[in-house]
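# A structural walkthrough
In case you want the letters, here they are:
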Amino acid sequence: MTKNSMRIAVFAGDGIGPEVTEQAVRVLEKLDLSGLELVEGDVGGMAYRKHGHPLPAETLEIARSADAILFGAVGDFSCDHLERHLRPEQAILGLRKELGLFANLRPARVFPGLEDLTTLRPEVASKIDLLIVRELNGDVYFGEKGMRVLEDGRRQGWDMMSYAEDEVRRIANTAFTAAMGRDRKLCSVDKANVLETSQLWRDVVIEVSKEYPEVELSHMYVDNAAMQLVKNPGAFDVIVTGNLFGDILSDQASMCVGSIGLLASASLAEGTFGLYEPIHGSAPDIAGKGLANPMATILSAAMMLRHSLGLEEQAVRIEKAVAAALAAGVKGGDLGGSSGTREIGDAVVERL
Ligand code: IPM
Ligand code: MG
């Protein structure tokens, strides 16, 4: 699929979000794609300050009118005192839910030459080339929740964990399809030894596996998966898991490859619509200083071209330019280098 017009919503958000998305936009503009239209919108703490809500109605409207969203980051300590529904994080959670972005793809691999940056031994880390497929619309994230006072006066917080079979089937299909395009190994991560939610998850994944006889399916409890991710991460190809476990394991996987500033992600709806964001957060400590590494956002833009706009060739061009910049020693502070945000953007743009 290639379209004549492509409308991209750019939601830069908080902290380092604006700096890193600025560089990704430069990269997109350099590609000179015909019909590319960029529309900005407010999300997160900055949107709360401007409009009184982290996901204003006008932002949601821009999102709905777009072919894809390029997202920076949300998160702002100064909003910590707000009621939960007004906190910056609700922008990303709201977009996921409102737009049906149910499949989160988080690839992790070690870039050649960066093997020494991980906290794992280089010979272990260099074997990592995995994809986490995280369900994004269900689980304890979106279940009923509340605070109550028990009869004996103790306060209790509670969150309901659940998955319905169609939700599991849908993400399982995404994961099996992804595995078919890779090494055809899928590991489903759950906690079926304790949780009913996980038992259903496992049963449904096994049902779906019948449609993908070429994919080798395995199951792993999440605690063991956390251990295997540092013990023998090279054994994983595709991991599929629920929202909460996927949140945790994907951060862990990012550290196993040592460079959170390089990891991109896609959150996909049914069809081609998707939201693309770096997996790092808003990093308030370095915000506005021109120090953030924009490569993860630039690589997210590449994923966007691939998954939502059918522009595989241009996606590869961006990925190669990033790899070439890294190989030439252009590294941000997160990689032990000294290149600034703009400088890294320049280096990638030059190599396109
Ligand atoms: C992520 C983040 C979000 C999540 C937060 C910001 C709500 O940690 O995208 O992994 O928990 O999903
Ligand atoms: Mg997370």
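Note: the structure precedes this text.
Note that residues are indexed from 1 along each chain, following the sequence as it is written. Throughout, the order in which chains and ligands are written sets their labels, letters from A for the former and numbers from 1 for the latter. Per-residue local features of the predicted model are confined to residues with pLDDT of at least 70, and side-chain atom pairs are confined, for both listing and counting, to 80 or more; whole-chain, interface and lining totals are unaffected and use all residues. Each side-chain value is derived from all of the structure's non-hydrogen atoms; neither hydrogens nor water enter the calculation.

Quick look at the site of ligand 1 now. For each residue, the test is whether any non-hydrogen atom lies within 4 Å of the molecule or strand; if one does, the residue is near. Glu 89, Arg 96, Arg 106, Arg 134, Tyr 141 and Asp 247 make up every residue found near ligand 1. Here a polar contact is taken to be a pair of N or O atoms separated by no more than 3.5 Å, where protein atoms must pair a possible hydrogen donor with a possible acceptor and residues adjacent in sequence count only if both atoms sit in side chains. Between Arg 96 and ligand 1, the recorded distance is 2.7 Å, taken from a side-chain N or O atom to an oxygen atom. A distance of 2.5 Å separates an oxygen atom of ligand 1 from a polar side-chain atom of Tyr 141. Against a free-state accessible area of 320 Å², the protein chains account for coverage of 73% of ligand 1. By residue class, the composition of the shell around ligand 1 is 1 nonpolar, no polar and 5 charged. When residues of the shell around ligand 1 are sorted by domain, at least three fall in each of domain 1 (1-108 + 260-352) and domain 2 (115-258). The Shrake-Rupley method, run with a 1.4 Å probe, gives the accessible areas here. Residue values count only the displayed protein chains as cover. Note that Gly is not counted as nonpolar here; it falls among the polar residues with everything else outside the nonpolar set of Ala, Val, Leu, Ile, Met, Phe, Trp, Tyr, Cys and Pro and the charged set of Asp, Glu, Lys and Arg. Note: domain ranges come from an automatic or database domain assignment.

Another aspect to go through is the nonpolar core. In globular proteins that are soluble, nonpolar side chains generally tend to be buried together. What makes a nonpolar core is a set of buried Ala, Val, Leu, Ile, Met, Phe, Trp, Tyr and Cys residues whose side-chain atoms join them at distances within 4.5 Å. Exposed residues in this analysis have more than 50% of their type's maximum accessible area, buried residues have under 20%, and partly exposed residues fall in between, with area computed by a 1.4 Å probe over protein chains only. Grouped together as the largest cluster of nonpolar side chains are 62 residues, with contacts concentrated most on Leu 70 and Leu 305. Here this core gathers at least three residues from each of two domains, domain 1 (1-108 + 260-352) and domain 2 (115-258). By definition, residues are in contact when any of their heavy atoms lie within 4.5 Å. In this structure, Leu 305 is in contact with Leu 28, Leu 31, Leu 33, Gly 310, Leu 311, Gln 314, Ala 315 and Ile 318, ignoring residues within four places of it in sequence. Of all hydrophobic cores here, the second largest spans 23 residues; its members include Ala 125, Ile 132, Leu 229 and Phe 236.

Following both chains from N to C, one finds helix α10 (residues 295-307) and helix α11 (residues 312-327) inclined at 160°, their axes separated by 7 Å at the closest point. Taken together, the axes of α10 and α11 are roughly antiparallel relative to one another. The two elements α10 and α11 cross, and the hand of that crossing is left-handed. Facing Met 295, Ile 298, Leu 299, Ala 302, Leu 305 and Arg 306 of α10, the residues of α11 in contact are Glu 312, Gln 314, Ala 315, Val 316, Ile 318, Glu 319, Val 322, Ala 325 and Leu 326. Taken together, the residues of the contact of α10 with α11 sort by class into 11 nonpolar, 1 polar and 3 charged. Where helices are involved, their axes are fitted lines through C-alpha atoms of the stretch in contact, as for all axes, and angles between N-to-C directions lie from 0 to 180°. A run of H or I in DSSP becomes a helix once it reaches four residues, and a run of E becomes a strand once it reaches two; helices and strands are each numbered from the N terminus. We call two directions roughly parallel when the angle between them is under 35 degrees, roughly antiparallel when it is over 145, roughly perpendicular when it lies between 65 and 115, and oblique otherwise. By the definition used in this description, the sense in which the near helix is turned from the far one sets the handedness, with an anticlockwise turn below a right angle giving left-handed and a clockwise turn giving right-handed.

Whether two strands pair depends on DSSP finding at least two bridges between them. Bridge analysis of strand β6 (residues 145-149) against strand β7 (residues 155-159) gives 5 bridges, and the strand direction is antiparallel. Each residue of the ladder has a partner; that of Gly 146, found in β7, is Trp 158. Taking the residues that link successive antiparallel strands as the turn, the β6-β7 hairpin has 5 residues, and the phi of Gly 153 there is positive, at about 95°.

The subject of this paragraph is the sheet that holds strand β5 (residues 129-135). The strand order β2-β1-β3-β12-β11-β4-β5-β10-β8-β9 describes an open sheet built from 10 strands, whose pairing is mixed. Among the strands making up the open sheet, the edge pair consists of β2 (36-40) and β9 (216-221). Strand-to-strand, the axes of this sheet are offset by a mean angle of 20°, without reference to chain direction. Pairing analysis gives 4 bridges linking strand β8 (residues 185-190) to strand β10 (residues 238-241), with the strands arranged parallel. In the strand pairing of β10, Cys 187 is matched with Ile 239. Sheet strands touched by helix α3 (residues 57-65): β1 (6-13), β2 and β3 (68-73). Its angle to β1, the strand with the most contacts, is close to 145°.

We now examine empty space enclosed by the protein. With a 1 Å grid spanning the protein atoms alone, the term cavity applies to any set of points in which a 1.4 Å probe fits but cannot get out, the term pocket to an open set with protein on both sides within 12 Å along at least five of seven lines, and the term lining residue to any residue with an atom within 4 Å of a point. Grid points are joined across faces, edges and corners, and a volume is the space filled by probe spheres set on the points. Tallying each qualifying case throughout the model produces 2 cavities of 30 Å³ or more. Around the largest cavity, the lining residues are Asp 139, Met 161, Tyr 163, Val 189, Thr 197, Ser 198, Trp 201, Gly 242 and Phe 245. Ranked by the residues each element gives to the lining of the largest cavity, the list is headed by helix α7 (residues 196-209), at 3 residues. Looking at the second largest cavity, its volume works out to about 30 Å³. In this structure, the second largest cavity is lined by Arg 106, Pro 107, Ala 108, Ile 132, Ser 250, Ala 253, Leu 263 and Ile 279. Contributing elements (two or more residues each) for the lining of the second largest cavity: β4 (103-109) and α9 (243-256). With 3 residues, β4 is the single largest residue contributor to the lining of the second largest cavity. The class makeup of the residues in the lining of the second largest cavity is 6 nonpolar, 1 polar and 1 charged.

Even without being glycine, Asp 32 reaches a positive phi, approximately 55°. The exposure class assigned to Asp 32 is exposed, which follows from its relative accessible area of 67%. Backbone geometry at Asp 139 places phi at a positive 75°, although glycine is not the residue there. Mapping Asp 139 onto the fold places it in the loop between β5 and β6. Asp 139 gets classed as buried once you look at its relative accessible area, which sits at 5%.

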